[in-house]
Amino acid sequence: MTSAQVDTDKAPEEGYERGLNSRQVQMIAIGGAIGVGLFLGAGANIAKAGPSIILMYALAGVIIFFIMRALGELLLYRPVSGSFAEYSREFLGPFFGYFTGWTYWLMWVVTGMAELTAAAIYIHYWFPDIPQWVSALVFLVLLFVANLISVKLFGEIEFWFSMVKVTAIIGMIVIGVGVLALGFSQAGDTAAVSNLWEFDGFFPKGIGSSLMTLQGVMFAYLAVELVGVTAGESENPEKTLPKAINTLPWRIALFYVGALTVILAVVKWTEFAEGVSPFVEAFTVIGIPAGAGIVNFVVLTAALSSCNSGMYSTGRMLRTLADNGEAPRVFNKLSSTKTPAIGIAVSVVFMAIGVVLNYLVPEKAFGYVTSVATAAGIWTWLMILISHVLYRRKVVAGRLPASSFPAPGGSVCSYIAIAFLLFVTCLIAYDADARVCLYVMAGWAAALGIGWFVLRSRNPQITERPGEPEFEKIG
């Protein structure tokens, strides 16, 4: 059975400029899979899990691919900039769209807080006399202005940020393979593939300890879903989005599994500790001049890339919420350059508060902020998967048109991914340091619940579930 396209009334013209070309969407997708979680966070995970961290990144990568294929099917059914919030609204009801939109906004605001402050810390490596708040403010203003000018400029900045990260990882892999194969450099005598199992085995601290790293591993994959937010501004979403999503497995295999395998073969896992970047350590052991400075520059671009993406996505999500009466109407307005300038500006104000807070409170606040971002990300991923399952049910029942980009296995992979994310949530609850994010999310949920009650009392129409699109069945 074939079906006609969804009625265009179901996917209204949003007013955005379709200014993201295929090159930029591809690199945004690549950059979304490479972040500070790999360049810095992997050090702590290696110390906890040893070489088995490779398997944890691979396992999480498979789940991320399931999530992205589910999102891809939804995006080609109805490509909108509101993305997962819109699908939550359509398939689970208005409250879930409201909750998901605001929670995704929170995820990027708190991530922006951490990344902006981190970028300022990285600048200290070269310019220790510049006050941290000055660097943070300069980066905040520059990225804010870039996001206001046009989506094309956002895409171009993200393209080059991602290019730096990709080049650094590929360079590390090539150099590492050279060390292993030819034995050159200071690490030549100790580098060997056998390092992956010689020091107390592949699971040196037990499978349980390895599984506990999954919460940190999932943080490394946050932002991979950003490609879904670009749907409303892609020049040709029917071609660019499937290509971006289908290349995800090799990106994860190369940038995470490949890079960590090479690093752990070149450098013994016992050399790593929390706060030590695997890339810095590997460059140091190999003896590459200015290696630490190179990696510091790469990590700086990773932090700025994440903050840049946060400004982009928060403005779009606030506009989607305003469209549905779930945020002030002022967020609905587009600037002359077709960007949601007011929404971006308000988000930037909150990120700036984060800079102040991170300047005043202890460094442990960084851990709390990233754990909150992880919890918000898990909620977003769950909403994508549940929406996909419900969408598939309606397609099978003949109530909605089939997408041109169906997920392999139908809903089966989505069910597997849902179970995995719930398992990771249990791991977070078990970890005394990480579980604080669940308390924060409980408070956030209560605040959103109160907000929904107020909205409903003022405008009862927002509780109405959107109607299903009409389409013609043929056959």
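Check the entry above for the structure.
Here goes a summary of the coordinates provided. As the structure is a prediction and not an experimental result, all values here were calculated from the model. (Residues numbered from 1 in each chain as written. Predicted model: local features only at pLDDT ≥ 70, side-chain atom pairs only at ≥ 80, totals over all residues. Heavy atoms only, no water.)

1. Some thoughts on the overall build of the chain
Using the following cut-off: Helix numbers and strand numbers start at the N terminus; a helix is a DSSP run of H or I with at least 4 residues, a strand a run of E with at least 2. Exposure categories follow from relative accessible area, calculated using a 1.4 Å probe and restricted to protein chains: below 20% of the type maximum is buried, above 50% is exposed, and the middle band is partly exposed. The contact definition used throughout considers only heavy atoms, calling two residues in contact when any of these lie within 4.5 Å.
Along its length, the chain carries 19 helices and two strands. Residues counted as buried form 57% of the 475 residues belonging to the chain. Taking contacts inside the chain between residues at least 6 apart in sequence as the whole, the part at least 24 apart equals 82%.

2. Let's talk about the pattern of salt bridges
Under the convention used in this document: Salt bridges are identified by distance alone: a Lys or Arg side-chain nitrogen within 4 Å of an Asp or Glu carboxyl oxygen.
Inspection of every chain in the model, using the stated rule, returns four salt bridges. Residue Glu90 is joined to Arg78 by a salt bridge in which the shortest nitrogen-to-oxygen separation is 2.9 Å. With Glu90 in helix 5 (residues 84–91) and Arg78 in the loop between helix 4 (53–77) and helix 5, the pair connects residues that are 12 residues apart, well separated along the chain. You'll find Glu90 and Arg78 in the same group, each marked buried. The partner of Glu326 in a salt bridge is Arg89, with the nearest N and O atoms 2.4 Å apart. With a gap of 237 residues between them, Glu326 in the loop between helix 15 (291–323) and helix 16 (341–360) and Arg89 in helix 5 connect regions that are remote in the sequence. Neither residue differs from the other here; Glu326 and Arg89 are each classed as buried. Among the charged side chains, a salt-bridge network with shared partners connects Glu86, Arg89 and Glu326.

3. A look at the packing of helix 8 (residues 151–182) against helix 13 (residues 248–266)
Using the following cut-off: Between N-to-C directions, angles cover 0 to 180 degrees, with each direction set by a line fitted to C-alpha atoms, over the stretch in contact for helices. Each crossing gets its handedness from the near helix: less than a right angle anticlockwise from the far helix is left-handed, clockwise is right-handed. Throughout this entry, Asp, Glu, Lys and Arg are counted as charged residues, while Ala, Val, Leu, Ile, Met, Phe, Trp, Tyr, Cys and Pro are counted as nonpolar. The remaining residues, Gly among them, count as polar.
The N-to-C vectors of helix 8 and helix 13 enclose an angle of 35°; their axes lie 9 Å apart at closest approach. Crossing angle aside, the handedness with which helix 8 passes helix 13 is left-handed. In this structure, helix 8 uses Val166, Ile169, Ile170, Met172, Ile173, Gly176, Val177 and Leu180 to contact helix 13, whose residues at the interface are Leu254, Phe255, Gly258, Ala259, Val262, Ile263, Ala265 and Val266. Broken down by class, the residue content of the contact of helix 8 with helix 13 amounts to 14 nonpolar, two polar and no charged.

4. Comments concerning a nonpolar patch on the surface
For the record, the criterion: A patch is a set of surface residues, each over 30% in relative accessible area and not in a salt bridge, joined within 9 Å for like charges and within 5 Å for the nonpolar side chains Val, Leu, Ile, Met, Phe, Trp and Tyr. Under the convention used here, a 1.4 Å probe and the Shrake-Rupley method define accessible areas, while residue burial counts only the protein chains that appear.
A cluster of nonpolar side chains, Tyr125, Trp126, Phe127, Ile130 and Phe297, forms an exposed patch at the surface whose accessible area comes to about 490 Å². With respect to the helices, strands and loops of the structure, Ile130 is situated in the loop between helix 6 (94–123) and helix 7 (132–149). Classification of Ile130 by relative accessible area gives partly exposed; the value is 31%.

5. Considering helix 15
Residue pairs three or four apart in sequence face the same way in an α-helix, which turns once every 3.6 residues. This is how it is decided: Every helix has an expected span of 1.5 Å times one less than the residues it contains.
Across its 33 residues, helix 15 extends 48 Å between first and last C-alpha, which sits within 8% of the 48 Å expected from 1.5 Å per residue. Gly325 sits one or two positions beyond helix 15 and adopts a positive phi of about 75°.

6. Topic: the packing of aromatic side chains
What counts, and what does not: Each aromatic pair joins two rings of Phe, Tyr and Trp (for Trp, the six-membered one) with centres within 6.5 Å, and gets the label stacked for planes under 30 degrees apart, edge-to-face for over 60, and tilted for any other angle.
If you walk through the whole model with that rule in mind, you get 19 aromatic pairs. Residues Phe95 and Tyr98 carry aromatic rings whose centres are separated by 6.0 Å and whose planes lie at 45° to one another, so their mutual orientation is tilted. A residue pair is termed a helical-turn pair when its members lie 3 or 4 positions apart in one helix, as Phe95 and Tyr98 do in helix 6 at three residues. Relative accessible area serves as the criterion here: at 3%, Tyr98 is assigned to the buried category. Seen in terms of ring centroids, Tyr104 and Trp108 are 6.4 Å apart; in terms of plane orientation they differ by 85°. Their pairing is edge-to-face. On the criterion of helical spacing, the pair formed by Tyr104 and Trp108 is a turn pair, its members being four residues apart in helix 6. Across this residue pair, the class does not change: Tyr104 and Trp108 are buried.

7. Considerations on helix 7
Where we set the bar: Read the arc as the range of directions from the helix axis to the C-beta atoms.
Under the 1.5 Å per step criterion, the end-to-end length of helix 7 is 26 Å for 18 residues, consistent within 8% with the ideal 26 Å. For helix 7, the full list of buried residues reads Gln132, Ser135, Ala136, Phe139, Leu140, Leu143, Ala146 and Asn147. All buried residues of helix 7 project into a common sector of 135° when viewed along the axis, lining one side.

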